[in-house]
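Residue-level structural notes
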Amino acid sequence: MMRGLLAAAGLVALWQGFVWLTEVPPFLLPSPGRVAQALAARWDSIAGHALVTGIEMLAGLALGALLGAAMALTLTAWRGGRRWLLPLLLVSQAIPVFAIAPLLTLWFGFGMASKVAMATLIIFFPVATAFYDGLRRTEPGWIDLAQTMGASGAATLWRLRVPAALPALASGLRVAAAVAPIGAVVGEWVGASAGLGYLMLHANGRSQTDVMFAALFVLALMALALWFTVDRLLRRAIPWQPDSLLSGRDP
Amino acid sequence: MPAKGTVSVQSAPAPGFRIELPQGFGFGATPVLAPLSLEVAAGRITALLGASGSGKSTLLRLAAGLISGGTVQASDGQALRGRVAWMAQQDLLVPWRDALGNVMLGMHLRGERPDAARARTLLAEVGLAEADAAKSPAQLSGGMRQRVALARTLMEDRPVVLMDEPFSAVDAPTRHRLQELAARLLAGRTVLLVTHDPLEALRLADRIFVLTGSPAAPVALGVPAGAPPRPARDPALLAAQAELLERLAAA
């Protein structure tokens, strides 16, 4: 944490030094001070747009995680459906979100729904693949044990394979938390009337580069906060996952 | 020797069983086991020895119903399925349940009411302290984990117990103690014990078979006098161990 703050401070110092030395015009690269001023002056408007983007990110994360986990469970439990659903899963990732963003805006409108759909789409894939992978890789000895214990297929899935795959699901959710802002902001760029992405595009059009940087700064903070919160929650919920075990043993 | 306490004594008299492989058994085109018939005596410990790859684990998995091919007949004419408990080389404890929860895994998987009192008694019988019941597998040593696995096997209360090198992953003194414990607690059950340790077989078994040849077939061997667990310093046992070791090395 301390190291992260120091690195950030170093970066800001470098940035300030660069602006001083090169005397680059503020519409190309504003100094950190100007960005801070813009942030303070436009705080009400930026906070409002940040709230919109934050809701889109969280809703997309919840929906994408839910659909992704459901997809992984369906692929695992329904042998016959695998050959139909697996290509669908791949297609969902093969098409770049940028390409279908205009389409989603057309279908779901300029409001939040199209951005949530975009974030959901981008989150769905890492969650589904990571969880499905975990479900497929249950320790074979556990399956043997469950079989000799007389466990039904459903009980083996829900009480053995799902808990065993939770650490894999957690890695998927971490990736999802990291890409959630991308989905929301891309959606806002394509067509929106609110959100940090919209604000950045708007400020860019008027050469208000300092406002653009201020919005970017808030977006980065939100992305970091989301990732660390998700990571914290996952560690607490799944205390047996291997990496937390290792970090617990390290001096 | 009857087991101390009442908890680990099984309710029904243990049947013997016979594994028959009229066509032998192989993986793909490679024959592993020759056509054979193996008689496992009721209420006794039968040890199955053999070099790596001789098919001893395959034979055990056939008996457990984990792979198909061949027939398994119980001496009382009923199916063996559902009357078998399985103990493997790895402890197979699930990391998300504590020691007590692992002992009750079978009940959990079958959706039965967990009998925590019995599980606690069994944990005490295999030599774990009361405080260990709430520990996670990661907090237990390898020997303690294997004790929990033994308690889980006894918790199933099945007349037939199939063990696949159950103590090979622990150090020699721990193995020695676990062998005595197992011989005491498994008394009266029909046990098929796969091992690559001649000493283990000679200490614990009432009957010994060595898988010899390629494809392999079981050859019966004599066991030293006395009831298991036999003391490891018995000169007759040590001589038999040397002979058995040479026999295994020659095969």
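Since this is a predicted model, take the numbers as computed values, not measurements.

Describing the overall build of chain A
Secondary structure assignment for chain A yields 11 helices and zero strands. Written out in order from the N terminus, the α and β elements of chain A read α-α-α-α-α-α-α-α-α-α-α. Its C-alpha atoms put chain A at 75 × 55 × 30 Å along the principal axes. Within chain A, residue pairs in contact and separated by at least 24 positions form 72% of the contacts whose partners lie at least 6 positions apart. Surface summary for chain A: the accessible area is close to 13,600 Å², and the carbon and sulfur share equals 71%. Mean positive and mean negative side-chain charge positions of chain A (17 and 11 charges, respectively) differ by 8 Å.

With respect to the sheet that holds strand β7 (residues 84-87) of chain B
In any sheet, the strands associate via hydrogen bonds between backbone groups, in a parallel or an antiparallel arrangement. Residues and elements named next belong to chain B. Pairing is mixed in the open sheet, where six strands are placed in the order β7-β8-β9-β5-β10-β11. Each edge of the sheet is formed by a strand with only one pairing partner; in this case those strands are β7 and β11 (217-221). Here the average twist between neighbouring strands, direction ignored, is 20 degrees. One ladder, built from four bridges, connects strand β5 (residues 45-49) with strand β10 (residues 207-212); its direction is parallel. Residue pairing across strands places T46 opposite R207, the latter belonging to β10.

So, the confidence of the model for chain A
Residues and elements named next belong to chain A. Of the residues in chain A, 96% have a pLDDT of 70 or more, and the chain-wide mean is 88. Across chain A, element-level confidence peaks in helix α7 (residues 140-148) with a mean pLDDT of 94 and bottoms out in helix α11 (residues 242-249) with 49. In the model, residues 244-251 has pLDDT below 50 throughout and makes seven contacts with residues more than four positions away in sequence or in other chains.

What to know about the pairing of β5(B)
Across a regular strand the side chains alternate sides, sitting on one face of the sheet and then on the other. All names here are of chain B. With five of five residues buried, β5 is to be regarded as a mostly interior element. Alignment of β5 against strand β9 (residues 190-194), held across four bridges, turns out to be parallel. When the sheet's bridge partners are listed, L48 is paired in β9 with V194.

Some details on the environment of A:W107
Checked against the element boundaries, A:W107 lands in helix α5 (residues 97-108). Sequence spacing of A:W107 and A:V12 is 95 residues, and the spatial spacing of their C-alpha atoms is 42 Å.

A short note on the sheet that holds strand β4 (residues 36-40) of chain B
Residues and elements named next belong to chain B. Spatially, β4-β1-β6 is the arrangement adopted by the three strands of the open sheet, whose pairing is antiparallel. The open sheet terminates on both sides in strands that have one partner only, identified here as β4 and β6 (71-74). On average, each strand axis in the sheet is tilted by 15 degrees relative to the strand beside it, whichever way the strands run. Taken together, the five bridges between strand β1 (residues 17-21) and β4 define a ladder with antiparallel strand orientation. From the neighbouring strand, E20 faces β4, where its bridge partner is S37. This element, helix α1 (residues 56-64), spans β1, β4 and β6 of the sheet and lies at about 115 degrees to β1.

Some details on the environment of B:H108
Summarising the element assignment, B:H108 is placed in helix α3 (residues 105-110). In this structure the C-alpha to C-alpha distance between B:H108 and B:L49, which are 59 residues apart in sequence, comes to 34 Å. The contact partners of B:H108, leaving out residues within four places of it in the chain, are A:R159 and B:R97.

Quick word on the packing of aromatic side chains
If you walk through the whole model with that rule in mind, you get five aromatic pairs over all chains. The interplanar angle of 40 degrees and the centroid separation of 5.5 Å between the aromatic rings of A:W15 and A:F213 together place this pair among those described as tilted. With a gap of 198 residues between them, A:W15 in helix α1 (residues 2-22) and A:F213 in helix α10 (residues 209-237) connect regions that are remote in the sequence. A:F213 sits in the partly exposed class, given a relative accessible area of 24%. With centroids separated by 5.5 Å and ring planes inclined at 85 degrees, the aromatic side chains of A:W142 and B:W96 adopt a geometry described as edge-to-face. With A:W142 in helix α7 and B:W96 in the loop between β7 and α2 (99-103), this pair bridges two chains. Grouped by ring-pair contacts, the aromatic residues A:W142, A:W240 and B:W96 constitute a single cluster.

So, the pattern of salt bridges
All names here are of chain B. Applying the stated criterion across every chain, the model contains 18 salt bridges over all chains. E39 serves as the salt-bridge partner of R18, at 3.4 Å between the closest nitrogen and oxygen. Taken together, the residues span a long stretch of sequence, with R18 in strand β1 and E39 in strand β4 at a distance of 21 residues. R18 gets classed as partly exposed once you look at its relative accessible area, which sits at 31%. Judged by its relative accessible area of 36%, E39 is partly exposed. In the salt-bridge network here, residues are joined through shared partners; they are R110, E112, E156 and R158.

Here's the deal with the packing of helix α4 (residues 116-125) of chain B against helix α5 (residues 142-155) of chain B
In a packed pair of helices, the relevant descriptors are the angle between the two axes and the axis-to-axis distance. All names here are of chain B. One way to put it is that α4 packs onto α5 with a least axis distance of 9 Å and a crossing angle of 135 degrees. Of the possible angle classes, the one that applies to α4 and α5 is oblique. Seen from above, α4 lies across α5 with right-handed handedness. Where α4 approaches α5, its residues R118, A119, L122 and L123 are matched on the opposing element by V148, A151, L154 and M155. Considering only residue class, the contact of α4 with α5 consists of seven nonpolar, no polar and one charged.

As for helix α4 (residues 82-94) of chain A
All names here are of chain A. Helix length check: α4, at 13 residues, gives a terminal C-alpha distance of 18 Å against a target of 18 Å (1.5 Å per residue), a fit within 8%. For α4, the complete set of buried residues consists of L85, L89 and S92. Considered in projection along α4, the buried side chains sweep an arc of 60 degrees and stay on one side of the axis. Across α4 from its buried face, at more than 90 degrees, point the exposed residues R83, W84, L90 and A94. On its buried side, α4 packs onto α3 (43-77) and α6 (112-136).

Rules and cut-offs
- Residues numbered from 1 in each chain as written.
- Chains lettered and ligands numbered in written order.
- Predicted model: local features only at pLDDT ≥ 70, side-chain atom pairs only at ≥ 80, totals over all residues.
- Heavy atoms only, no water.
- Helix = DSSP H or I, 4+ residues; strand = E, 2+ residues; numbered from the N terminus.
- Contact = heavy atoms within 4.5 Å.
- Areas by Shrake-Rupley, 256 points an atom, 1.4 Å probe, with all protein chains shown as cover.
- Lys, Arg positive; Asp, Glu negative; His and termini not counted.
- Charge placed at Lys NZ, Arg CZ, Asp CG, Glu CD.
- Pairing = 2+ DSSP bridges.
- Axes fitted to C-alpha atoms, helices over the stretch in contact; angles between N-to-C directions.
- pLDDT = per-residue confidence, 0-100.
- Buried < 20%, exposed > 50% of the residue type's maximum accessible area, 1.4 Å probe, protein only.
- Phe/Tyr/Trp six-rings, centres within 6.5 Å; stacked < 30°, edge-to-face > 60°.
- Salt bridge = Lys/Arg side-chain N within 4 Å of Asp/Glu carboxyl O.
- Parallel < 35°, antiparallel > 145°, perpendicular 65-115°, else oblique.
- Left-handed = near helix turned anticlockwise from the far one by under 90°.
- Nonpolar A, V, L, I, M, F, W, Y, C, P; charged D, E, K, R; others polar.
- Expected span 1.5 Å × (residues − 1).
- Arc of directions from axis to C-beta.

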